[in-house]
Each structure stands twice: as C-alpha cells, then as structure tokens.
Amino acid sequence: MEKAGGSSSAGGSYPQKNAEILSSQYGINLFLAGLLLTFAWAVHAVGISKSHLLSYLITLMLVQLLWMLWYLCRSCTQRRLIRDKDTHAGARWLKCGITLFAVITLILDSFKIGYYIDFSNCLSPTEGIFPVTHAAHTILQVYFLWCHAKDIIQSFKTLERFGVIHSVFTNLLLWTNGVLTESKHQLNEHKERLITLGFGNITIVLDDHAPQCNCTTTTLCSIFSQGIYYLYPFNIEYHILASTMLYVLWKNIGRKVEHHQQYKTPFKFHGITIGMIFGLIVLTSTIAIVVVYLIQIGRSKIKSELALTMFYLHAIFVLALMCTAGVIALLIYRLDDRSLDNSKNPARKLDAELLVGTAAGSWLLSWGSILAIICAQAHPKYTWYNLPYSILVIIEKYIQNLFIIESIHREQEKVNDDVKTLRIVTVSRGSTLTLTPSYKEIYNGHTAQDAGELPCLFHGSICARERVGSSGDNEGTSQGGGSGMHFASEFSLCSRSSVADNKRRILKNIAAFLFLCNLSLWIPPAFGCRPEYDNGLEEIVFGFEPWIIVVNLAMPFSIFYRMHSAASLFEVNCKT
C-alpha cells in the first residue's frame, strides 16, 4: 500500500512521458518518409514524380490545418479560463519577423499560382493545389502562433503532443522542399557559369525540371520563374522559424511554471547610435558587393576572379570587426562578474542548441576550403584570400556563440546591498534628498536613468549638489565628519553606477553592430553569392559531385545560422 501511494505522483507523469516519446517518434518517421520522397524526386528515381511529393506535403498541411482549427475552436470555448503562459516564448519581435516572412511567402505562392496557370497544359494539378493549400496554411499558422505561441497546454495533453509535433515536422519538410528547390536552381546556374568559363575537365549535366511545353504568356512566365527563386530565401526562413516556435510549444506541454513577475524589455534606439551607424555601413557595402558579384561572376575568367577577390576582402574585413567586437564584449562580461540563470527554459535552451548546431554547417565548409588550399597543387591568386576568410569564419562563430549564449543566460542586474543600506541611512537621518532614486525605484528598475536622464557624473556632479542641500538642512544636528562620510558614500555609489551604465551602453552597441552584421552576412548566400560554388579549388580537390553535395547539405544551416543569430542578438540588445 505504501509503495502504491508513494508512486502515485510518479505514475501520474509516466503516461505523459510515454506520450512525449511516442509523439516524437511519430514526427521523426513522418519527416523521414517525406525526406526519402524528396530525395527520390531530386535524383529522378523511377516511378517517383513531383506530384507524389506535393501530394504528401498537401496531406500533411491539411491535417495540420484541421488540428489548428480544432485547437482554436476549443480555445474560444475556454477563453474565460486563466491559462499558464511561457513569458520567454513567442516574443513580439519574433512574431513580427515571422509575419514579414509569411507575407513574402504569400507573394511566392501567388507567383506559383500564376506560373501554374501559364503552364497548365503540361503541369500536374497538384502544382496548382499546392500553393493554394500552402497559402491557407501560412495564414492560419501565423494567426495561431500570434495567439497561442506562449501557451502551456494542460488539457488533452496526449492529443496535443501529436498535433504540435505533426506541425513541427510539417514545417521542417516544407523547409527541406524549399531548400532543395532553391539549391537545384543555384546548382544549375553554377553549372552554366562553369560552361562559360570553359571547365572541360568536369562533367556537367544540367538538372532540368522545367515544364515540357510552351508558356501562354512569355513575359509573365519569365517574371514568375525568376521571381520565385528570389523569394525562396524568405520562405525558407519562415518555415524554420515556425518550426522552432512550435517546438517550444511542444516542449511546454504539461510544464509546471513558477509565477513571478517579468519585466518587459522593449527595443530602444537610444544609446546604440555608434553600433547602428557602423552596422548600417556594413549592410550597405555588403548589398553593393553582392550586386557587383552577381553581375561580374561568370562573365569571363578575369571578371570572376576579380569578383571573388572583392568578396573575400570585404568578408575578411567584416569578420575581423565582428571578432574584435565579440572579444570586447566577452572581456566586459569577465570584468562584470554576475551569476547565470540556470532555470528550466525550453526557448532559451533551443536557442543555444540551434546556434551551435547550425554553426557546424559553415564550419564544415570552412574546413573543406582550408584542406583544399593545403592539398591543391596549383593555387590561383584569389584562392589565397580564401584561407584567412575560412579561418575567420570559424573563429567569429566561436566567439559570437559564446557572447550570445552567455548573454541570454545572464541574470538581470540586481540592486547592490550597499544601495539599500545607503538609502536607509539617508532616510533615518531625516534627509529630504530627491535626486537619489529610492530603494523601491532601484529594485523595480525605474531609476532616473531609465526615464532617459543622464547618469550622475554627467549632471554636473549631482552628488556634490546633494551634499550642499543636505548640509544646509542638517546644519544644527549633523557634524562635519558625518556629512563628509555621507558625501563620500554617495559619490562612490554614483561612480559605480556610471561605470555600469557605460559597460551596458558598450554592450548594447556591440549587440546592435553584430545584429546588422549578421543580417549583412545572411544576404550573400541567400541570394546566390556563394564563393564555395564559384571558387573552383574545392571542386578540383574533392571532385565536382562530392563537393556540391557537401555545399548543398551545409549551406542551408549556414544561412539559417545568420538569421537566427540576428534574432538572438536583437533579444540580447533588448535584455541588456
């Protein structure tokens, strides 16, 4: 009897643990089946066509649509109930970001519908049904995430686990399909450039999935076919963001949370002017470099080499600046010894794991380039710029990951015990100081500095003025020595406050600068500026097909890393 009673609490969680394991296995098998189908279509497997792949994806989206509608209807009937929320999940800036990507994804779906109409004579009906279903799926999913990304589900937990994990892997498969389609297009363009440059020692066969009929309106077909591939990077980011938000929702099912007050940390431009200016300079120059690169690459051998040299020099300069900024931030953290928040937080844990996991993609490419430079027999001049570039990519991601992970784990700054003691002593002496914030104000974070005022050292020595006012009030009751000690204590407090404020301002500028730099470095690979394809050295050392496979597997993770780092740095800037 004691054993049964003692194990009741453990038995209550046992079915939920089983449900978690079963749902995760269901999602993995769902994903593997779709991944194999995608691979079969990519390699032109016998009996597998694009319509089979699209039919599978349409079915998954329809099932997710039914589950989301059921969840929304059930939430409406229980809207009066008080629900637990995960305050760390589904931040407003993240919702705004996914909404922006979703809007561009809807434009992509409209282009696909137009493309299908123009080639309707020779395309499968599934290619027309897919963008319509995907558009409806996108609209409802964004609404669902806006309303329920923070939910901690406590009812129908087993069913909800299967519904959420189905949604996670549906988005991952849609992400995989987008990555593969975009990669095949990039590969075809790369092969065409190699033909132009006269690489006769590489067997080149274009992987053509184009319709086998004429377009009804040539101009519109050209606009749709070219526009689709420029919009794919945004579609790819949309699905990976949606899958991460849904994964956090899945991890939160049945979770017990501690109810404590969370202070909002809105983004402010105040105090980050320097970081924004340097970041915008990097962003503007990167866009210019990408435009020139895409124009020059493949025109001739000389122009291609100049384009590669220009890209490498610019990237080396930017990466060196990012490494320097990251090292400065880490040094400030070492000087500012503060404990880390190790409480259970699925969103924060996922952020850290994604940073390290997706960084492995670009690390793989960098080590491949380093090995190719070491082993190659001939070294064109521009390939030597690839060596410092590859080394800096490894170092920069290493430093940036340390900075971001430590930033999101650092506890919010707490009031020092000296501040409490000083205020209590001041009040007990009957002082009527108004310039020093009260203990309650400091504890709640509502100091004069938060209201936009300058620190004490920039107010023309506020501490000195406090001493004059207090000495006048207490002239008959206080001794000169006591007044001097009071002045020294407050001056020391203001000095420490000023130093902490300066450190915080430097960290915010570094976070803003790295945020814009990561957006800048996301642009080149996302829009076709990929020296890993055009360098040529790695393809000679490893072989054309093996190296292209490595690039196509690693590049999506490298692209996602930059966008995820930018999102994490935005959060760091708000939190600092």
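Procedures and definitions
- Along each chain, residue indices are assigned from 1 in the same order as the chain's sequence is written.
- Thresholds applied to this predicted model are a pLDDT of at least 70 for local features of residues and 80 or more for the giving and counting of side-chain atom pairs; totals over whole chains, interfaces and linings are not thresholded and use all residues.
- Computation of side-chain values: all heavy atoms of the structure, hydrogens and water removed.
- The secondary structure listing takes helices from DSSP runs of H or I that are at least 4 residues long and strands from runs of E that are at least 2 residues long, numbered from the N terminus.
- A helix is expected to reach a length of 1.5 Å times the quantity of its residues less one.
- Values of bend correspond, residue by residue, to the angle between axes fitted over the seven residues ending at that residue and the seven starting there.
- Think of it in three bands: with a 1.4 Å probe and only protein chains considered, a residue is buried below 20% of the maximum accessible area for its type, exposed above 50%, and partly exposed in between.
- One speaks of a salt bridge when a side-chain nitrogen belonging to Lys or Arg is within 4 Å of a carboxyl oxygen belonging to Asp or Glu.
- Note on geometry: axes are lines fitted to C-alpha atoms, helical ones only across the stretch in contact, with angles between N-to-C directions running from 0 to 180 degrees.
- For this classification, under 35 degrees means roughly parallel, over 145 means roughly antiparallel, 65 to 115 means roughly perpendicular, and everything else is oblique.
- Definitions for this section: a left-handed crossing has its near helix turned counterclockwise from the far helix by less than a right angle. A right-handed crossing has that turn clockwise.
- By definition in these notes, contact holds between two residues if any of their heavy atoms fall within 4.5 Å.

J.: Help me get a handle on helix α7 (residues 218–251), residues and values and all.
T.: With 34 residues, α7 extends 49 Å between its outermost C-alpha atoms, agreeing within 8% with the 50 Å of an ideal straight helix rising 1.5 Å per residue. Helix geometry: α7 is bent most strongly at Leu 231, by close to 40°, with proline Pro 233 lying one to four residues after it.

J.: Could you give an account of helix α18 (residues 544–575), naming the residues involved and the relevant values?
T.: The terminal C-alpha atoms of α18 lie 46 Å apart, and with 32 residues this matches the ideal 46 Å at 1.5 Å per residue to within 8%. In the structure, α18 departs most strongly from a straight axis at Ala 554, where the bend amounts to approximately 30° and where the proline Pro 556 lies between one and four residues downstream. When you tally the buried positions in α18, you get 23 out of 32 residues, the bulk of the element.

J.: Help me get a handle on the pattern of salt bridges, residues and values and all.
T.: Applying the stated rule across the entire model yields four salt bridges. We note a salt bridge from Glu 20 to Lys 251, for which the minimum N-O separation is 3.8 Å. Taken together, the positions of Glu 20 in helix α2 (residues 8–42) and Lys 251 in helix α7 put the pair 231 residues apart, joining distant regions of the chain. What makes Glu 20 buried here is its relative accessible area of 19%. Residue Arg 562 is joined to Glu 396 by a salt bridge in which the shortest nitrogen-to-oxygen separation is 2.9 Å. Note that Arg 562 is positioned in helix α18 and Glu 396 in helix α11 (residues 386–409), a separation of 166 residues in sequence. When sorted by exposure, Arg 562 lands in the same class as Glu 396, which is buried.

J.: With reference to specific residues and values, describe the packing of helix α8 (residues 273–296) against helix α9 (residues 301–335).
T.: The contact between α8 and α9 brings their axes to 9 Å, and the two run at 165°. Classified by the angle their axes make, α8 and α9 are roughly antiparallel. Of the two elements, α8 crosses α9, and the hand of that crossing is left-handed. Counting all contacts with α8, which are made through Val 282, Ser 285, Thr 286, Ile 289, Val 292, Tyr 293 and Gln 296, the residues of α9 involved are Lys 303, Ser 304, Ala 307, Leu 308, Met 310, Phe 311, His 314 and Val 318.

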